Amino acid sequence: MHLRTISMEYIDLTSEAAVSETENVLKILEDSPEFKGKEAEQASFKQEMKGFRMLFNRFITTRTQKLDWSKIKPPSGDTIIPFDKLPKVDKEHIKKLASKLCILKLNGGLGTTMGCVGPKSVIEVTDGQNFLDLTIKQIKFLNKEYECQVPLILMNSFNTHEDTLNVVQKYKFNKVDVLTFNQSRYPRVWKETLAPVTQSPSSRLDDWYPPGHGDLYASISNSGILQKLIDQGKEYLFVSNVDNLGATVDWQILAHMEQSGAEYIMEVTDKTRSDVKGGTLIEYEGKVKLLEIAQVPASKVEEFKSIKKFKIFNTNNMWVSLSAIKRVVENNELSEMAVIRNDKSLDGKPIIQLETAAGAAIEFFKKSHGINVPRSRFLPVKSTSDLFLIQSDLYEVKNGCLIMNPKRPFPG
């Protein structure tokens, strides 16, 4: 007992020192002479560092806290709704829904894992078309078919922003509104001292990182785009990874969202042995939560991977109420989102990146739940082998959507 008390006292002391040191560095960065005559740029930087402070302090205060595994339960029946139970939607209803819809693609990733340079979204997928080309075609078809104006929003990272701005110029005459914003840029921290790596706001890119797609809610609000969409009468945001070719608009899901009054819906699908590392929905102390493998104790990882206990996983397709995003951001309701620690190395030394997942916000929205969708809504392209499969005659493209080739025989 005495040893445990000493240990906790030591943790408290090191935590206090880490917070103090980080605060000192951040103040120096915010008041850097580099911002002289650049008030708007300085204000934006301070806004980002405010977000980092919150994330860092949450990490410090929760890093010794562990989930009580005995309290983790698979989601109950009313938490996950089967897709085939959703009501059908007629065309007139679709037109009304379409007028309120926006589509957002998470576009912060690079194509390095596939041996490419630049944003992953500009890698050619099929017939000379990249991920963004296909998305534009989908939206262009929706706008014509349902007489609406669904905008496309791209959340970029500092790694992809400039290249993306150049690429989207070619869509100016496609009758699709394309809006872009940058997610936050946070400083990496040394593992040993927990002090920020960077010493200057303009230091090398390797000193910084985009803090995961959980940054979506604050960043779209800070950009002014959230309010702009609300002012246009938009109500719903469909969010997905730009490389998930199965993430197309589904009117049954949106109609269900409207009917149920849910502020947040997560698409999940049945887990297979190739999906064992994917985050899953759980019930914990009466709340619906997203559980990521990084949060799982080492002794419980195999149980987490089990397809018997945790039968579904998060596709990262999400439907969210715009007005609810505005509320949770303005009221700071996302300040308790789970922090994901990502250990990496820089210059041969261990560093830490602190991140959040967009799906982790589910517990902070009203009437939130999951829908168990068909596997066809999860077609991510993560490797060259995935790309070869997409480019084979298994699939064809119709109005920008990837569908099974009807000419290809399949076993019944």
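Here, the structure is the one placed above.
This one's a predicted model, so the numbers in the text were calculated from it and none came from an experiment.

Draft legend 1. Structural detail: the overall build of the chain. Counting its regular elements, the chain contains eleven helices and 20 strands. In summary, the chain has a C-alpha radius of gyration of 22 Å against a globular reference of 22 Å for 412 residues, a match within 12%. Counting the 412 residues in the chain, one finds 50% classified as buried. A total accessible area of about 20300 Å² is found for the chain, and carbon and sulfur atoms account for 52% of it. With 55 positive and 52 negative side-chain charges, the chain shows a spacing of 3 Å between the two charge centroids.

Draft legend 2. Fine view of the sheet that holds strand β14 (residues 287–291). Read from one edge to the other, the open sheet built from three strands follows the order β1-β13-β14, with strand pairing classed as antiparallel. Of all the strands in the sheet, just β1 (72–73) and β14 have a single pairing partner and so form its edges. In terms of strand pairing, β1 meets strand β13 (residues 280–284) through two bridges, oriented antiparallel. Among the inter-strand pairings, I72 is bridged to a residue of β13, identified as Y284.

Draft legend 3. Quick peek at the nonpolar core. By size, the foremost hydrophobic cluster in this structure holds 48 residues, and its most contacted members are L101, L245, V249, W251, I253, L254 and W319. Tallying contributions element by element places helix α4 (residues 131–145) first for this core, with six residues. With sequence-adjacent residues up to four places away left out, V249 is seen in contact with L101, I103, L142, F238 and W319. The next biggest cluster of nonpolar side chains, apart from the first, holds 39 residues, and it includes I80, Y217, I312 and L334.

Draft legend 4. Region of the structure containing a positive patch on the surface. A cluster of basic side chains, namely K137, K140, K144 and K175, defines a positive patch on the protein surface. Take K137: it is sitting in helix α4. A relative accessible area of 43% means that K137 is categorised as partly exposed.

Draft legend 5. Region of interest: the layout of surface pockets. Of the voids in this model, the largest pocket is the one considered here, and its volume is about 1500 Å³. If you go around the largest pocket, you meet 43 residues; those closest to its centre are G109, G212, H213, E355 and K382. The set of elements that each furnish at least two residues to the lining of the largest pocket consists of β3 (101–107), β10 (208–209), β15 (312–321), β16 (340–346) and β17 (349–355). Ranked by residue count, the leading element in the lining of the largest pocket is β15, at four residues. Here the lining of the largest pocket is built from residues that sort into 16 nonpolar, 19 polar and eight charged.

Draft legend 6. Highlighting empty space enclosed by the protein. Using the criterion set out here, one finds one cavity of 30 Å³ or more in the structure. Within this model, the largest cavity holds a volume of roughly 40 Å³. In terms of lining, the largest cavity is formed by K105, L134, T135, Q138, V242, N244, L245 and A247. Among the residues making up the lining of the largest cavity, the classes are represented as four nonpolar, three polar and one charged.

Draft legend 7. The sheet that holds strand β12 (residues 264–270), seen in detail. Read across the open sheet, the eight strands follow the order β2-β18-β12-β15-β11-β3-β6-β7; overall the sheet is mixed. Only two strands of the sheet have a single partner each, and these edge strands are β2 (80–82) and β7 (178–182). When strand polarity is set aside, the average angle formed by the axes of neighbouring strands in this sheet is 25°. Both strand β6 (residues 152–156) and β7 contribute to a ladder of five bridges, which runs parallel. By the bridge assignment, I153 is partnered in β7 with L179.

Draft legend 8. Spatial organisation of the pairing of β12. Most of β12 sits out of view: six of its seven residues are buried. Where β12 meets β15, seven bridges bridge the pair, whose relative direction is antiparallel. Within β15, the residue paired with D270 across the bridge is I312. Pairing between β12 and strand β18 (residues 369–372): four bridges, direction parallel. The residue bridging I265 from the neighbouring strand is H369, located in β18.

Draft legend 9. Broad picture of the pairing of β6. With five of its five residues buried, β6 lies for the most part within the structure. With five bridges joining them, β3 and β6 adopt parallel strand pairing. Paired with N107 across the bridge in β6 is N156. In this view, the connection linking β6 to its parallel neighbour β7 by way of helix α5 (residues 161–167) has right-handed handedness.

Each value, and the rule that gives it
- Going along each chain's sequence as written, the residues are numbered from 1 onward.
- Given that this is a predicted model, residues contribute local features only at a pLDDT of at least 70 and side-chain atom pairs are listed and counted only at 80 or more, while totals for whole chains, interfaces and linings are drawn from all residues.
- By convention in this description, side-chain values take in all heavy atoms of the structure and omit both hydrogens and water.
- For helices the rule is a DSSP run of H or I covering at least 4 residues; for strands it is a run of E covering at least 2, with both sets numbered from the N terminus onward.
- As defined in this context, the radius of gyration uses C-alpha atoms, and a globule is described by 2.2 Å times the residue total to the power 0.38.
- Under the scheme applied here, a residue whose accessible area is under 20% of the maximum for its type counts as buried, over 50% as exposed, and between as partly exposed, the area being computed with a 1.4 Å probe on protein chains only.
- Areas reported here follow the Shrake-Rupley algorithm with a probe of radius 1.4 Å; residue values treat only the protein chains shown as occluding.
- Within this scheme the basic residues Lys and Arg register as positive and the acidic residues Asp and Glu register as negative, but His and the chain ends are omitted.
- By convention, the charge on Lys lies at NZ, on Arg at CZ, on Asp at CG and on Glu at CD.
- Note: two strands are recorded as paired if DSSP finds a minimum of 2 bridges between them.
- Nine residue types can take part in a nonpolar core, namely buried Ala, Val, Leu, Ile, Met, Phe, Trp, Tyr and Cys, and a core is a set of them joined through side-chain atoms within 4.5 Å.
- Any two residues whose heavy atoms approach within 4.5 Å are treated as being in contact.
- Nonpolar side chains (Val, Leu, Ile, Met, Phe, Trp, Tyr) are joined into patches within 5 Å and like charges within 9 Å, using only residues with over 30% relative accessible area and no salt bridge.
- Within this document, salt bridges are pairs made up of a side-chain nitrogen of Lys or Arg and a carboxyl oxygen of Asp or Glu, the two lying within 4 Å of each other.
- Computed over the protein atoms alone on a 1 Å grid, cavities are sets of points where a 1.4 Å probe fits but cannot get out and pockets are open sets with protein on both sides within 12 Å along at least five of seven lines; a residue lines them when it has an atom within 4 Å of a point.
- Grid points are joined across faces, edges and corners, and a volume is the space filled by probe spheres set on the points.
- Residues are grouped as follows: Ala, Val, Leu, Ile, Met, Phe, Trp, Tyr, Cys and Pro are nonpolar; Asp, Glu, Lys and Arg are charged; every other residue, Gly included, is polar.
- A fitted line through C-alpha atoms represents every axis, and for helices the fit uses only the stretch in contact; the resulting angles, taken between N-to-C directions, go from 0 to 180 degrees.
- Think of it like this: strands point away, you trace from the first strand over the helix to the second, and a clockwise trace means the crossover is right-handed.

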